[in-house]
Amino acid sequence: MNIWLINLAGIVVMAAIVWWFWLSRPQARRAVGAGPIEIVVDGGVYTPARVEVPAGKPVTLRFLRKDANPCAEKAVFDSLGVSADLPLGKPLDVTVTPPQPGEYEFTCQMRMYRGTLVAK
């Protein structure tokens, strides 16, 4: 009986990991107006983790890092050639320009925190 419960718990944990890292897609926040889009860095995630912006136009993202974890120190946009050091407890504006429609990932330096800029 116990072996079945242990195996079942293992399957549930594996399914949760697959869902968290590969299948979940957070709800996107759409950029409206000219103001910055606030992104909170806390608890191992960016909130919102998916942001819709217009393609070809500069957009300002205001990162507020609440997580003291060293992994959260940077926001890196590899495909846009932008990175920023995020101070703890102080907002930092990062301006990026997605050149064409598509998805542009942003991560911490260890790629544990993940977010997506969706340019339309």
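Just so we're clear, the structure is a prediction, and the values are computed from it rather than from any experiment.

Draft legend 1. Structural context of the pattern of salt bridges. Taken as a whole, this structure holds seven salt bridges when the rule is applied. Residues Glu-52 and Lys-120 are paired through a salt bridge, measuring 3.5 Å at the closest nitrogen-oxygen approach. Highlighted residues: Glu-52 in strand β4 (residues 50-53) and Lys-120 in the segment after β10 (114-119), separated in sequence by 68 residues. Close ionic contact of Asp-93 with Arg-62 constitutes a salt bridge, the shortest N to O distance being 2.7 Å. With a gap of 31 residues between them, Asp-93 in strand β8 (residues 91-96) and Arg-62 in strand β5 (residues 59-65) connect regions that are remote in the sequence. When salt bridges with common partners are traced through the structure, they connect Asp-78, Glu-105, Arg-111 and Arg-114 into a single cluster.

Draft legend 2. Up close: unusual backbone geometry. In this chain, Thr-47 is followed by Pro-48 through a cis amide linkage whose omega measures -5°. Tracing the chain through its elements places Pro-48 in the loop between β3 (45-47) and β4. Here the phi dihedral of Arg-111 falls at roughly 65°; this positive angle occurs in a residue that is not glycine. Take Arg-111: it is sitting in the loop between β9 (102-107) and β10.

Draft legend 3. Local environment of the packing of aromatic side chains. Per the counting criterion, the structure on display carries six aromatic pairs. Pairing Tyr-46 with Phe-63 gives two aromatic rings, centres 6.0 Å apart and planes at 70°, and the pair type is edge-to-face. In this pair, Tyr-46 is assigned in strand β3 and Phe-63 in strand β5, connecting sequence segments 17 residues apart. A relative accessible area of 1% places Phe-63 in the buried class. By the ring-pair criterion, three or more aromatic residues cluster together here, those being Tyr-46, Phe-63, Phe-77, Phe-106 and Tyr-113.

Calculation criteria
Residues numbered from 1 in each chain as written. Predicted model: local features only at pLDDT ≥ 70, side-chain atom pairs only at ≥ 80, totals over all residues. Heavy atoms only, no water. Salt bridge = Lys/Arg side-chain N within 4 Å of Asp/Glu carboxyl O. Helix = DSSP H or I, 4+ residues; strand = E, 2+ residues; numbered from the N terminus. Phe/Tyr/Trp six-rings, centres within 6.5 Å; stacked < 30°, edge-to-face > 60°. Buried < 20%, exposed > 50% of the residue type's maximum accessible area, 1.4 Å probe, protein only.

All quantities given are derived from atomic positions and should not be read as evidence of function.
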